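# Tertiary structure, described
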Amino acid sequence: NAGVTQTPKFQVLKTGQSMTLQCAQDMNHEYMSWYRQDPGMGLRLIHYSVGAGITDQGEVPNGYNVSRSTTEDFPLRLLSAAPSQTSVYFCASSYSAFYGYTFGSGTRLTVV
Amino acid sequence: AQTVTQSQPEMSVQEAETVTLSCTYDTSESDYYLFWYKQPPSRQMILVIRQEAYKQQNATENRFSVNFQKAAKSFSLKISDSQLGDAAMYFCAYRRGGATNKLIFGTGTLLAVQP
């Protein structure tokens, strides 16, 4: 099993560009989330999903969109990149609250 | 809203010694789970240990154990016989029970292990 797969691992964008961070899991997990990690701030929740067709906003949703058309995939879209979105992004999935989350390897995004 | 606080931004321990990382949380829920994650320089997030709030017994995983004080809302991580490979950022995290998805993290403690 591959677990949680994130692509790309690194990306540089120009201000105003859009892009999609891909996330796929092969564990049939219902729960999926996107986090961003910034120095001194831990991991902050951007968007999350409790199943296909269901998404909701987390702590820092502005500037990001998500969709969940299948159980396996949960892409994160940056609509118009800004330097404040320079961060490391993690996708994670979970079977239930008890088991915690399995994380992808992260995407380092730089917006110039 | 639930919050998780890690008051030690950095800590250091000698190899083979024991170190305790602190974590406190705030919640009005009775059903919840607590976790410690390790993030080495590779950036990968690794689950170290979990604790169910309804269990009084402290969780243990090999050299890692927790001191769960529910009334005080404290959840510290003890690492025994520290090894060089334990050097990493450690995050405490909270998740409400039931059909919920939000895993809330503290700001992390950077642990250095001195040979």
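Anything mentioned here points back to the structure above.
Here's what I pulled together on the structure shown here. If you're wondering where the values come from, they're calculated on a predicted model, not measured in any experiment.

## Examining the environment of valine 113 of chain B
All names here are of chain B. For valine 113, the location among the structural elements is in strand β12 (residues 109-114). We classify valine 113 as buried; its relative accessible area is 10%. Remark: the alpha-carbon pair of valine 113 and serine 12, spanning 101 residues in sequence, is separated by 5.8 Å. For valine 113, the contacting residues outside a window of four places in its chain are Val13, Glu15, Ser82, Gln83, Leu84, Asp86 and Ala87.

## Observations regarding the nonpolar core
Residue and element names in this part refer to chain B. Membership of the largest hydrophobic core comes to 25 residues, with the highest contact counts inside it found for Tyr25, Trp36, Phe75, Leu77 and Tyr90. Listing elements by their share of this core, those giving two or more residues are β3 (19-21), β5 (32-39), β6 (46-52), β8 (64-69), β9 (74-79), β10 (88-96) and β12. Counting residues per element, this core draws most heavily on β10, at four residues. Other than its neighbours up to four places away in sequence, tyrosine 90 contacts Gln6, Leu21, Trp36, Tyr37, Lys38, Val48, Phe64, Leu77, Ile79, Gly108, Thr109 and Leu111.

## Digging into the pairing of strand β11 (residues 107-111) of chain A
Residue and element names in this part refer to chain A. Of the two faces of β11, the one holding Thr107, Leu109 and Val111 is buried and the one holding Arg108 and Thr110 is not buried anywhere. Direction of pairing for strand β2 (residues 10-13) relative to β11: parallel, over a ladder of four bridges. Paired with valine 12 across the two strands is threonine 110, which belongs to β11. Two strands pair when backbone bridges link them, and strand β9 (residues 87-94) and β11 are joined in this way by three bridges, in the antiparallel orientation. In the strand pairing of β11, valine 88 is matched with arginine 108.

## Things to note about the interface of chain B and chain A
Interface extent is often summarised as the accessible area lost during association of the parts. Between chain B and chain A, the contact holds 23 residues from the first and 31 residues from the second. Across the interface of chain B and chain A, roughly 2,000 Å² is buried in total on both sides, 54% from carbon and sulfur atoms. On inspection of chain B and its partner chain A, the count reaches zero salt bridges. Here the side of chain B that touches chain A takes four residues from β5 of chain B, the largest share from any one element. Each residue belonging to the side of chain B that touches chain A can be placed in one class, and the counts come to nine nonpolar, eight polar and six charged.

## Some thoughts on the pattern of salt bridges
Residue and element names in this part refer to chain B. Scanning all chains against the criterion turns up five salt bridges over all chains. The partner of lysine 73 in a salt bridge is aspartate 26, and the shortest N-O contact between them spans 3.7 Å. Taken together, the residues lysine 73 in the loop between β8 and β9 and aspartate 26 in strand β4 (residues 24-26) connect sequence positions 47 residues apart. The class of aspartate 26 is partly exposed, set by a relative accessible area of 40%. Of the charged contacts, one joins arginine 63 and aspartate 86 as a salt bridge, the two residues approaching to 2.8 Å between their closest N and O atoms. Taken together, the residues arginine 63 in the loop between β7 (60-61) and β8 and aspartate 86 in the loop between β9 and β10 connect sequence positions 23 residues apart. Residue aspartate 86 is classed as buried on the basis of its relative accessible area of 3%.

## Details of the state of the cysteines
Overall, the coordinates contain two disulfides over all chains when judged by the stated rule. For cysteine 23 of chain A, the disulfide goes to cysteine 91 of chain A, at an S-S distance of 1.8 Å. Across the S-S bond of cysteine 23 of chain A and cysteine 91 of chain A the torsion is about -70°, and the bridge reads as left-handed. You can see cysteine 23 of chain A sitting in strand β3 (residues 19-25) and its partner cysteine 91 of chain A sitting in strand β9, a full 68 residues away along the chain. For cysteine 23 of chain A, a relative accessible area of 2% puts it in the buried group. Here cysteine 23 of chain B engages in a disulfide with cysteine 92 of chain B; their sulfurs sit 2.0 Å apart. Its torsion about the S-S bond being -70°, the disulfide of cysteine 23 of chain B and cysteine 92 of chain B is classed as left-handed. You can see cysteine 23 of chain B sitting in the loop between β3 and β4 and its partner cysteine 92 of chain B sitting in strand β10, a full 69 residues away along the chain. The burial state of cysteine 23 of chain B is the same as that of cysteine 92 of chain B; both residues are buried.

Cut-offs used in this document
- Residues numbered from 1 in each chain as written.
- Chains lettered and ligands numbered in written order.
- Predicted model: local features only at pLDDT ≥ 70, side-chain atom pairs only at ≥ 80, totals over all residues.
- Heavy atoms only, no water.
- Helix = DSSP H or I, 4+ residues; strand = E, 2+ residues; numbered from the N terminus.
- Buried < 20%, exposed > 50% of the residue type's maximum accessible area, 1.4 Å probe, protein only.
- Contact = heavy atoms within 4.5 Å.
- Core = buried A, V, L, I, M, F, W, Y, C linked by side-chain atoms within 4.5 Å.
- Pairing = 2+ DSSP bridges.
- Buried area = accessible area lost by both parts, 1.4 Å probe.
- Salt bridge = Lys/Arg side-chain N within 4 Å of Asp/Glu carboxyl O.
- Nonpolar A, V, L, I, M, F, W, Y, C, P; charged D, E, K, R; others polar.
- Disulfide = S-S within 2.5 Å.

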